[in-house]
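Coordinates in review
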Amino acid sequence: MIRRIIHIDEEKCNGCGACAAACHESAIGMVDGKAKLLRDDYCDGLGDCLPSCPTGAITFVEREAAAYDEEAVLANQRKKEAQNKAAHHLKGGCPGSRMRQMKREATEAPATAKMESQLQQWPVQIKLVPTQAPYFERAKLLIAADCTAYAYANFHQDFIRGKVVLVGCPKLDSVDYSEKLEEIIRSNNISSVTVVRMEVPCCGGLEMAAKKALQNSGKFIPWQVVTISVDGKILD
């Protein structure tokens, strides 16, 4: 049947996960850091997800699609609720907001182990940093998610040292960083780009913005992505 149903523009999606949380029918899920319409028959076509999208990636289209199946939606919701309870997670919401507690032994570092900050410029927030500055000349650029410095204990030594730092959170800032990052890369002599993100899906927005900026800049710059787990380990 031809009916109204949502369409998600993958190019505009920043992976924040807000639409998935807003969809009462669980028709939207996060796949490889991008929002996806999981099943046509889960989407009622009412568009509760549209206002939650910060980048305007979701629109209505008229196309051939399976009819909305309320029974299938309810069955899926009951299944997910049972899985969430079994896993001791908070019901619903983005995986980046799920409660976890890491038990660690409290130890005191030796007095000689005091570390110095490796930060060499200010500001650091992507929204605040200028697009052109002297410190960008031949800079090794570090684009990091806000949470990474808290999760990874040796962040200053392993990632910040010798780099110009840009930080942000695609979910909380609700913006697409790609245009500003593109302007920074295009307008300055950047020697390399390192993206450090958390493992949670909403952090995929930062990675995608950096990739898009690099592609659109027209420059060939060495780059890498490092993923940090919520318990502070490097995953890749």
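As a reminder, the structure under discussion sits directly above these lines.
This is a predicted model, so every value here is computed, not measured.

**Things to note about the overall build of the protein**
Along the protein, the regular secondary structure elements total seven helices and eight strands. Buried residues in the protein amount to 40% of all 236 residues. For the protein, the proportion of contacts with a sequence separation of at least 24, taken over those separated by at least 6, is 74%. For the protein, the exposed surface amounts to about 13,500 Å²; the carbon and sulfur share of it is 52%.

**Examining the pattern of salt bridges**
Taken as a whole and judged by the stated rule, the model has eight salt bridges. Of the charged contacts, one joins aspartate 40 and arginine 63 as a salt bridge, the two residues approaching to 2.9 Å between their closest N and O atoms. Within this pair, whereas aspartate 40 is found in the loop between strand S3 (34-37) and strand S4 (58-64), its partner arginine 63 is found in strand S4, the two being separated by 23 residues in sequence. Aspartate 40 gets classed as partly exposed once you look at its relative accessible area, which sits at 24%. In this structure, the salt-bridge partner of aspartate 176 is lysine 212, at a minimum N-O distance of 3.9 Å. Taken together, the residues aspartate 176 in the loop between helix H5 (170-173) and helix H6 (178-187) and lysine 212 in helix H7 (residues 204-217) connect sequence positions 36 residues apart. Each of Arg197, Glu207 and Lys211 takes part in salt bridges that share partners, so that together they form one network.

**Quick look at the environment of serine 229**
Within the secondary structure layout, serine 229 lies in the segment after strand S8 (223-228). Those residues in contact with serine 229 that sit more than four places away from it in its chain are Ala151, Met198, Glu199 and Leu235. One polar contact links serine 229 to aspartate 231, side chain to side chain, over a distance of 2.3 Å.

**As for the pairing of strand S5 (residues 140-145)**
The buried fraction of S5 amounts to five of the six residues, a majority that puts the element mostly inside the structure. Across five bridges, S5 lies against strand S7 (residues 192-198) in parallel orientation. The residue bridging isoleucine 143 from the neighbouring strand is valine 195, located in S7. Examined bridge by bridge, S5 and strand S6 (residues 164-168) share five bridges and lie parallel to one another. Bridging across to S6, leucine 142 finds its partner in valine 165.

**Remarks on unusual backbone geometry**
Backbone geometry follows two general trends: most residues other than glycine have a negative phi, and most peptide bonds adopt the trans configuration. In this structure, the amide linkage connecting tryptophan 122 to the following residue, proline 123, adopts the cis form with an omega of 0 degrees. Inspection of the secondary structure assignment puts proline 123 in the loop between helix H2 (70-86) and S5. Unlike most non-glycine residues, serine 26 shows phi in positive territory, near 55 degrees. Following the sequence through the fold, serine 26 ends up in the loop between helix H1 (18-22) and strand S2 (28-31). Residue classification places serine 26 among the buried residues on the basis of a relative accessible area of 13%.

What counts, and where the lines are drawn
Residues numbered from 1 in each chain as written. Predicted model: local features only at pLDDT ≥ 70, side-chain atom pairs only at ≥ 80, totals over all residues. Heavy atoms only, no water. Helix = DSSP H or I, 4+ residues; strand = E, 2+ residues; numbered from the N terminus. Buried < 20%, exposed > 50% of the residue type's maximum accessible area, 1.4 Å probe, protein only. Contact = heavy atoms within 4.5 Å. Areas by Shrake-Rupley, 256 points an atom, 1.4 Å probe, with all protein chains shown as cover. Salt bridge = Lys/Arg side-chain N within 4 Å of Asp/Glu carboxyl O. Polar contact = N/O pair within 3.5 Å; in protein donor to acceptor, adjacent residues only side chain to side chain. Pairing = 2+ DSSP bridges.

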